Every structure is written in structure tokens, then in C-alpha cells.
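Listed below are the residues making up each chain.
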Amino acid sequence: MSENKEPHVVKFVYDFTEGNKDLKDLLGGKGANLAEMTNLGLPVPPGFTITTEACKVYLESGEEPAALRDEVSAHLVALEERMGKKLGQADDPLLVSVRSGAKFSMPGMMDTVLNIGLSDKSVQGLARQAGDDRFAWDSYRRLIQMFGKTVLGVDGELFEEALEGAKAAKKVTVDTELEAADLKKLVTKFKKIVRTEAGRDFPQDPREQMDLAIKAVFDSWNGDRAKLYRRQERIPGDLGTAVNVCSMVFGNLGPDSGTGVAFTRDPASGHQGVYGDYLQNAQGEDVVAGIRNTVPLAELERIDKKSYDQLLGIMETLENHYKDLCDIEFTIERGQLWMLQTRVGKRTAGAAFRIATQLVDQGLIDEAEALQRVTGAQLAQLMFPRFDEDAKVAQVGRGIAASPGAAVGKAVFDSYTAVKWSRSGEKVILVRRETNPDDLDGMIAAEGILTSRGGKTSHAAVVARGMGKTCVCGAEELEVDTKRRRMTVPGGHVVEEGDVISIDGSSGKVYLGEVPVVPSPVVEYFEGRMHAGADDADELVEAVHRIMAFADRKRRLRVRANADNAEDALRARRFGAQGIGLCRTEHMFLGDRRELVERLILADTEAEREESLAQLLPLQKKDFVELFEAMDGLPVTIRLLDPPLHEFLPDITELSVRVALAESRQEPHENELRLLQAVHRLHEQNPMLGLRGVRLGLVIPGLFTMQVRAIAEAAAARKNAKGDPRAEIMIPLVGTVQELEIVREEADQVVAEVEAATGVSLKLSIGTMIELPRAALTAAQIAEAAEFFSFGTNDLTQTVWGFSRDDVEASFFTAYLEKGIFGVSPFETIDKDGVGSLVRAAATAGRATRPDLKLGVCGEHGGDPESVHFFHEVGLDYVSCSPFRIPVARLEAGRAATQSAGSDHR
């Protein structure tokens, strides 16, 4: 007899008392943290969360789960019983907010509706219960405005224009100066707007309001701005959003009420203290929207000391509990403090490094966890130049330093223009009175953002910090006129659209024109011009120094540099390079040596070719001696000549013109004619897949052996000078082991000749680049003749995808990114599923043949943070990247090694 099992019942709704902070996948970040604060006994308004699973069902099928309505009804009844009133009842109504809440914070990108439950009847009951007609009608107009825009798709500007009209008629400048009668008239206008624009009346049934708002939040997951933000922040598109239904508390009940945002540390600098914004007699989104300028959080001590002291205690509790900077939203209702949200706060790059080291010092986290609190992208940000404070420039204003950096560009006054100009190659600064989520396109396109309203917790500031964009907010002395596309600065000077301005997100200063920049102190530290612990080293450099020390102690991956000359090699070594992973010898054939290469190409006889190679040999040897000296004691991987020879010849059009002109003037042109004939002879339809790399070495006798001889003689010379050269010879574009075996046999013979001639024993390893799919697929065979593999992921990406990088990035990559075909360019971050699977397979097969096979990567992916983690995972020994990216690779290698001990802090 089979056992009867109860069918698994999926639960779609959780009370705030049922969840915790570890359920972000199910409850979203907001719901999980509301549950956590409830568990901690903090004052959280009662409510419930509809899970991301319900959202996924809705998005996949177009309908809510069959069980959802009953579950919501049951939780609503429980909420009504707890609060002692029903949703939208005529006297003393229960009102709720419906707010989005995805796993990862997406500030302002999805929808929120407050004051659900208000209607023509219940607004009267709310006024009686509160003893405040103005408050009730203000709450009702907010509901119609938010519901109309968010749920019914009405243009939000129509409501704003009506609100501005009401203020103008009353001759006031802020909405708090409107009286109950004014707001009552405004409600009538708002309802007419809804009827005209939405083709229906504003719903009077409170349950219909709530159900429609829940659907609107689900739909907002796939809204344009949400999708754009996810692509920008690389957030998966299949997570869905939770929906939080929370009983309303009101900050717009008068001067003893208000709303605010607080940070347990300064998100811009990382310094400890009292940071945040507070707005009296305001509700919900007013602070973040930046519509009215806030007061600093410290002012709350004077306004309401009891609530202020309680808030500071809660902030300490939360920071110690989450062991990180916390971002908190709160409301005070007639002296009663309520917590509406907490999350691990977004922060600037500098703040991230400072906070990580502070928390280590406080004993809240260890070094491994500190590495998970910072990213390579943040370190790269800190290495950007900053404004020269000694430059003589015209400062025209100062706002709040919301997100650091030095940004220069042409002033533009709307998002559309910012995107349009940016795509045409212009650098722009987006200037607004305040930003809203619809400005996201322009914020991404701009070099920086400048607003005349708002504070450190406004929409512009929060989003800019998350994206690493320079931002100055609340520059009140600047009069921004978006309709006339101009900004008036103190003294009457007018900045028109297209005029260049500069903004300093570290000081909040705004300048006319372009301000010169100077190197970042972090770069000076890596260059050795500033030392951590020295008098001139600031806190930031000290924090970076400590984090880098953590990373270097923890990482397994070594980090090398792509460097082609001694100067780059020395700089790379100062930046922490542990060798050279790619020296491109073709770069040594440019400049004054081009004529010698031309002679090699034009050689008609073996004697002429050998003469050209003999002239190139000492020059190559000198290059390698300098390189070995700069990298003494560290490995130097030298790639033999890779590009097609025609790249060293003049352009075919230019040559044709020169020959034609010479013929018309009856001037001597024998050399130009020979060059033109050579260009035609060497011309290929697809040179990337033509005569290059190992094929050149096999077709042009003596070319590779000359280079190998130069390397061997340079190594011998360096050894004789008591140095420690560690040369590695890399054969490019190998597709079959036979190619490598032939070149290797010739190379071994040359090295033996140099050893015999110099009396110096040389240990030169010979390996190959894996940059063709066939090489990756036959890696087991190739490893028989190779002592190391270096994955050339730039060309491997081209050949796996069938892309010509120089063409595709300009022609259709933008469309692919916008359509979501790419989350990120495969030339920027390794394509794990395609290119990555070949790297993994080749690494495994190569080491099966030769267990001591050294594995590295020398494409630009070697300096990409996400790619470094992949290379750590598949067991490579090192990554190699441009000198400037070495610190980023070092940091990410350390983070990769400790990833399992940390968590994803976005």
C-alpha cells in the first residue's frame, strides 16, 4: 500500500514576524530586513511580504498564483485585527503602503504607493481621527498622485503642474504652506486628471487599490528603468521582486512628525558620526525625492531629542548586528519613532575601504571578510585623477559632496540630451533641480550629476554612489531652469546648455570651464611616491595599503604585467607585478626600426633577408637586456612576432597615391613601387586569420630563430652581469602540436648554440598561447611540447564567437547590450559558458598530460574583476594585465581566495 503524502504547499505570503535577513532570495532585501528588525524588537509597523516566487509566477504566466489572493486576504485580516481597524473603513481607516523590494537594492527603480485605503469617504474619517483636515487631504492627494502615475500610467508631470499651479495661486513656494481647502481642491483636480488620462475613475474600493498596486509593483520589475539599472549593476533579470504591504505611519501630521534617512557612518567618506537627512511634516519619499531640502540629521536632537536618542541607539544596534554600514529609513509620528527600512548601505569607493578597515579594528569582521567589503571596481575608481586644488579657476557654487570624483563635461539639462550627446562622443554633466528614476539613462551616460535640490540621501546621491558617478547635490545657489536649458549662478552669469562645467564630488564645489587634474594619492602610493604611515599619507591611502596587504596574504593567483619595454616593466613592478606575462615583440619593431622591417619584407634573396635579420638582432637583444634588468628575478614571458607583416608597411591607399604622383611628375619611385607590390602581395581578406603568429615563423626562415637568439643572448649577458633573468618564450597562434614541435626544435638548437658560445647555462622555458578553439580542444597533445599555456582570451573570444572585435563593438554591440543578449561585452568580462568552458577544458587536459604545466592568461580579461574570480576557480597560476590594472587584479585575486568566507555586499 503506497503512503499518502501531503502535497507540497507553496507559501506566497509571510508576516514580518516570520522572516529574517537571510531570506533575501524569497522576501527581497526590504522584506527580509523588516522581518529582521521585527525579530530584534525594534519599532516596525506591522505588515506582510508577498514573495519573489509569487512575482515570478505572475511574470511567467501573466496571472497571479491562484492561492495568492486568499493568502493576502488572510494576512490582511490578521493585520486588521492587530491594528483594531479595517482597511479603508469610513471612520479611523487602516491605511497601508505597497512597496517593492528586490534581493538587491535598486533605489527608485521600481514602484511604491503610500496611503492605500483612502477614498472620498475614509479621508473624512482620517481627518476626524487625526484632528487635522490638512493632513488627511494631503495624504489623499499623495495617494491619487502616486497611484495615478504608478498604477494607472498617468504622466506624473500633469500632477506636478497642477501642484505648482495650486502653490502659485496661493502665492507660496512649498507644498506645506497649502491649507486643507487648497488640498481638497487639488484632490478634485487630480481625480479629473486620472479620469481624463486613464479613462477610468480613481478606485474608491480600498481592496481594489491594494490589488492593483501589488500588480503594478510586479510589473515594475520589467519596467524600462528597472531593466536598465539591472544591466548597469549586473543584477540577474530572473530574480523578481517581493512586495511589502505595511501599515502606514505618518510623518506629515505636523511639526512633531517627520521622515528621514540615516546612515550609521558617512556613506561618502566612511567616517563615523551622525549622518543623514530629516524633513519635518513630510511623508515617505519626500526625503529621497529631494523635492524639499532637508536638514542634517543632527538637527533632530534639537527638534525631538527623545526620538533622536532612540534613533542613535537603534543605529548602533543595527550596525553591530549587520556588522556593516546600515542605511535606515524612519518616520516619526507625533513623537513616536518607527523604522521603515534598513539595508547594508551603498557607499563610495573611499568609504568602502575605510569602513572595511575600521570594522576590522573594532573586531566586528576579520581580514577575509574585509576583502569582501571592497571591490576591484572601487579600487580602480580611487585611482582616477582628481582636480588640481591650486588651479586658478572660477568657482560658482557649492553643494553637498554626495559622491566623489572629478567630472568635467558640457552642461545638459535632461536625460535624453545626455544620452544623445554622450553617444556622439561628448562628455556631459547632467544638471537637474532634482533627479528621479526616469533620469537613469542620462545619469549612466553623464560623467557626473549636479542638482540644486536634495541631500546625501536624495535619489541622485544614492544612485550616483551605487554607480560610482561623481555627484554634487543641493547646490541651492544655482538656479536651474530645465525648460530654458540654462543655469544661473551667483553674480548673474548664465551657463547655457553646452557650456563646459566641472564638479568635484569630494568637496561639493562647482566650477566654470575645465579644471586641470592631478594624479590620485592612491596612484602615488602604488608608484611609491607616497608611503602609508608617512606624515603626508591620508586615511584613504592607509586603508588601501592595509586592504592590499590582506589581499596579498590571502591570494593564490600571482599577478603579472603586459609590458613591452623597461619603463612599463618598472612601473608594473612598483604596482606589485610578479613578472611579465606578455611582452609583445612587434611593438619593438616600430618607430626607427620600421625601415629594417620593410627591408626584411622586401628581401628578394636569402642573403638580403639574413642581412635584415642580422641588423635587427642586436636591437632586439638590447630590448631584452633592459627588460630582464627591470624584471630581475621575476619571469618574463616574451611572445614572438604575432601580427601580419603588412601591418608594418604603409597604408595601401597612401602608397598608391604616392606612386601615382611620382609617375605623373616623372620622379624616381622604385622603392615606393616595390612597397606597393609587397602590400598587394601580402594583402589578405581576413588578416586576423591569415599569415600571422606561428605561421610567420614557419614561412619566413630565420625570423623566430633571430628572436630566440636575441632572447638567449640577452639572458646570458644578464647572467654574466650577476643578474637573474627568467625568460619564457611564447609561440603565438598555435593550432596544432606539430607547429609547436617544429618551432621548439629550432629554438632548442639556438639556445644550445648560445650556451656553447657564452659558457652560460640557460633555463628558458617554451610554451604557447592558447587563442584558437582547436588549440583548446587539443590541449592534451599541445602540452606534450609546451611547458606553459597562456590563454590569449582576446583572440580566443574573437574566434569562439566569430567576432571581429574592431568591427562588432562599433556596429552592433550597443544593440546587443540594450536587448539583453549580452549582460556585458564578452571582451570586457570572460564569457564563462563559451570561452570559459574552453579555458577550463584546456587547463584540465593540459595538466593531465603535464602535471607541472604552468597556466596563465594574458588577455585584458586578466585585469577584469569578475574574470579574475573565474581564473582562480579554474586553477590558473597567474593573470597578466596592463600595469594600471595590476592593483585591481591583486585585490580581486585575494577576494577570490576568500570568497567562500564572505558574502555578496552590493
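Please refer to the structure placed before this passage.
These numbers come from a predicted model, not from an experiment. (Residues numbered from 1 in each chain as written. Predicted model: local features only at pLDDT ≥ 70, side-chain atom pairs only at ≥ 80, totals over all residues. Heavy atoms only, no water.)

## Digging into the pattern of salt bridges
Part 1 of the reasoning: The final tally for this structure, using the stated rule, is 58 salt bridges.
Part 2 of the reasoning: In this structure, Glu496 and Arg486 form a salt bridge, with 3.7 Å as the shortest nitrogen-oxygen distance. Of this pair, Glu496 sits in strand E20 (residues 494-496) while Arg486 sits in strand E19 (residues 486-488), placing them 10 residues apart in sequence.
Part 3 of the reasoning: In the salt-bridge network here, residues are joined through shared partners; they are Arg134, Asp138, Arg141, Arg142 and Asp175. (Salt bridge = Lys/Arg side-chain N within 4 Å of Asp/Glu carboxyl O. Helix = DSSP H or I, 4+ residues; strand = E, 2+ residues; numbered from the N terminus.)

## Topic: unusual backbone geometry
Part 1 of the reasoning: In the Ramachandran plot, Lys323 falls in the positive-phi region, its phi being about 55° despite a non-glycine side chain.
Part 2 of the reasoning: Inspection of the secondary structure assignment puts Lys323 in the loop between helix H12 (305-322) and strand E9 (326-333).
Part 3 of the reasoning: Taking the relative accessible area as the measure of exposure, Lys323 reaches 39% and is therefore partly exposed. (Buried < 20%, exposed > 50% of the residue type's maximum accessible area, 1.4 Å probe, protein only.)

## Structural notes on the sheet that holds strand E18 (residues 479-481)
Part 1 of the reasoning: Strands sit in the order E18-E19-E20 across an open sheet of 3 strands; the sheet is antiparallel. Edge strands, defined here as strands with exactly one partner in the open sheet, are E18 and E20. Adjacent strand axes in the sheet meet at a mean angle of 20°, parallel and antiparallel pairs treated alike.
Part 2 of the reasoning: Sheet topology places E18 next to E19; 3 bridges connect them, and they run antiparallel. Considered in E19, the bridge of Asp481 is made with Arg486. (Pairing = 2+ DSSP bridges. Axes fitted to C-alpha atoms, helices over the stretch in contact; angles between N-to-C directions.)

## A closer look at a nonpolar patch on the surface
Part 1 of the reasoning: Taken together, Leu698, Val699 and Ile742 make up a surface patch of nonpolar side chains, about 240 Å² in accessible area.
Part 2 of the reasoning: In this structure, Leu698 sits in helix H26 (residues 694-699). (Patch = residues over 30% accessible without salt bridge, like charges linked within 9 Å, V, L, I, M, F, W, Y side chains within 5 Å. Areas by Shrake-Rupley, 256 points an atom, 1.4 Å probe, with all protein chains shown as cover.)

## A word on helix H1 (residues 24-39)
Part 1 of the reasoning: Here H1 spans only 15 Å end to end across 16 residues, well under the 22 Å set by a 1.5 Å rise per residue.
Part 2 of the reasoning: Of all bends in H1, the biggest is about 75°, found at Lys30.
Part 3 of the reasoning: What H1 keeps buried is the set Leu27, Gly28, Gly29, Lys30, Gly31, Ala32, Asn33, Leu34, Ala35, Glu36 and Met37. (Expected span 1.5 Å × (residues − 1). Bend = angle between axes of the 7 residues up to and from the residue.)

## Topic: the packing of aromatic side chains
Part 1 of the reasoning: For the structure shown, the criterion picks out 19 aromatic pairs.
Part 2 of the reasoning: Ring geometry for Trp137 and Tyr140: centres 6.0 Å apart, planes at 50°, overall tilted. Linking Trp137 with Tyr140, this pair stays in helix H5 (residues 133-150), spanning 3 residues, or about one helical turn.
Part 3 of the reasoning: Overall, Tyr140 belongs to the buried group, its relative accessible area being 0%.
Part 4 of the reasoning: An aromatic cluster is defined as three or more aromatic residues linked by ring pairs; in this entry it consists of Trp801, Phe803, Phe812, Tyr816 and Phe822.
Part 5 of the reasoning: If you follow Lys11 out to its NZ or CZ, it ends over the ring of Tyr14, 5.0 Å from the centre. (Phe/Tyr/Trp six-rings, centres within 6.5 Å; stacked < 30°, edge-to-face > 60°. Lys NZ or Arg CZ within 6 Å of the ring centre and 35° of its normal.)

## As for a negative patch on the surface
Part 1 of the reasoning: On the surface, Asp155, Glu157, Glu161 and Glu197 cluster together into a patch of negative charge.
Part 2 of the reasoning: With respect to the element layout, Asp155 can be found in the loop between H5 and helix H6 (156-170). (Lys, Arg positive; Asp, Glu negative; His and termini not counted. Charge placed at Lys NZ, Arg CZ, Asp CG, Glu CD.)

## Section: the packing of helix H22 (residues 594-602) against helix H25 (residues 670-682)
Part 1 of the reasoning: Running from amino to carboxyl end, H22 crosses H25 at an angle of 70°, the nearest separation of the two axes being 10 Å. In terms of orientation, H22 lies roughly perpendicular with respect to H25. Of the two possible hands of crossing, H22 and H25 adopt the one that is left-handed. In this structure, H22 uses Glu598, Ile601 and Leu602 to contact H25, whose residues at the interface are Asn671, Arg674, Leu675, Ala678, Arg681 and Leu682.
Part 2 of the reasoning: Class assignment for the residues of the contact of H22 with H25 results in 5 nonpolar, 1 polar and 3 charged. (Parallel < 35°, antiparallel > 145°, perpendicular 65-115°, else oblique. Left-handed = near helix turned anticlockwise from the far one by under 90°. Contact = heavy atoms within 4.5 Å. Nonpolar A, V, L, I, M, F, W, Y, C, P; charged D, E, K, R; others polar.)

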